[in-house]
Amino acid sequence: MALPSPQSIIETIRSWDASDDVNASYLRPTINRLKASSTPGLGGPTTLPELTASELSALIDHTQLAPTATPDDYTQCFEEARRYTFASVCIPTAYVPAATKSLADTQVAICTVVGFPLGHSHHEVKAAEAQWALQHGASEIDMVVPIGAVKAHAWKRLARHIRAVVKALRSEPGSPTLKVILETALLSNAEKAVTCYIADTEGADFVKTSTGFSTGGATVEDVALMRHMVDDETGVKASGGVGSASDVARMVAHGATRIGASGSVGIMEGFSNAETAY
């Protein structure tokens, strides 16, 4: 496993058309971040963490977003979150009120998704969906970027989407958390780097790898690149294909600070049986 080469990513970005001054204003600082040293990041991982059961569960957003999920499936999801005290449940906006009611007496946060899973929604629609979810009990929003805009290198449009949702979150009480989903399997390393830089500077609290509904999920290579591109205070969520405690430990060593998983219970049961996270 080789981490992405910063120089190779820089060369790709330099090959793009930067005649638009606004777009160029995103590319130059992205290149500067790529030149910096970062561990964890493209400088390499840290030592694999020795996680306790409570530390492991506190990293996981327990996810139920299956298109065939029934009300009973969501009830089970909430019961599992209560049992293991996961960081959050990540569910569709329609189930935010039910999750809020079910988990009101716990420390489990309510996370939901907007513009999911394709990112096509207008930025004002994403903002409205996020605001509705917050008003009905959510405290964390996972927003899908306009993937086509990223592929077209329409960086101003990408920034407008993130800025609109950040504004919606900041208009609500408390300190809601915004996670920006890149859908890394569809992007080049250079596109991932610029997207992370823009998400970070526009006020996102996390960058997130994947929806789990595309052609691939989280990889340590993507996590390392994303960690490299955001400030220390900004989180990195590895989502999609993380299926064991050892997977979690590897993601954390490369810079992940949150894990999205639909197989969270299996991760916890596997950890309990193995008594180790790596």
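(A) Seen up close, the layout of surface pockets. Here the largest pocket is characterised by a volume of approximately 340 Å³. Lining the largest pocket are 24 residues; nearest its centre among them are T63, Q64, L65, A261 and S262. Elements with a minimum of two residues in the lining of the largest pocket: β1 (60-63), α4 (71-84), β7 (235-239) and β8 (258-261). Top element by residues in the lining of the largest pocket is α4. It accounts for 4 residues. Estimates place the volume of the second largest pocket at around 210 Å³. R33, A36, S37, S38, T39, P40, R227, H228, M229, V230, D231 and D232 are the residues that line the second largest pocket. Ranked by residues supplied to the lining of the second largest pocket, first place goes to helix α10 (residues 220-229) with 3 residues.

(B) Broad picture of the packing of aromatic side chains. Following the criterion strictly, the structure yields 4 aromatic pairs and no others. For the ring pair Y84 and F86, a centre distance of 5.5 Å and an interplane angle of 35° mean the geometry is tilted. The burial state of Y84 is the same as that of F86; both residues are buried. Taking 5.4 Å as the distance between ring centres and 85° as the angle between the ring planes, the aromatic pair formed by F116 and F213 counts as edge-to-face. You can see F116 sitting in the loop between β3 (109-114) and α6 (123-135) and its partner F213 sitting in the loop between β6 (206-208) and α10, a full 97 residues away along the chain. We classify F116 as partly exposed; its relative accessible area is 23%. Seen from the ring of F206, K179 lies directly overhead, with NZ or CZ sitting 5.9 Å from the centre.

Rules behind the numbers
Residues numbered from 1 in each chain as written. Predicted model: local features only at pLDDT ≥ 70, side-chain atom pairs only at ≥ 80, totals over all residues. Heavy atoms only, no water. 1 Å grid on protein atoms, 1.4 Å probe; cavity = no way out; pocket = protein on both sides within 12 Å on 5 of 7 lines; lining within 4 Å. Points joined across faces, edges and corners; volume = space filled by probe spheres on them. Helix = DSSP H or I, 4+ residues; strand = E, 2+ residues; numbered from the N terminus. Phe/Tyr/Trp six-rings, centres within 6.5 Å; stacked < 30°, edge-to-face > 60°. Buried < 20%, exposed > 50% of the residue type's maximum accessible area, 1.4 Å probe, protein only. Lys NZ or Arg CZ within 6 Å of the ring centre and 35° of its normal.

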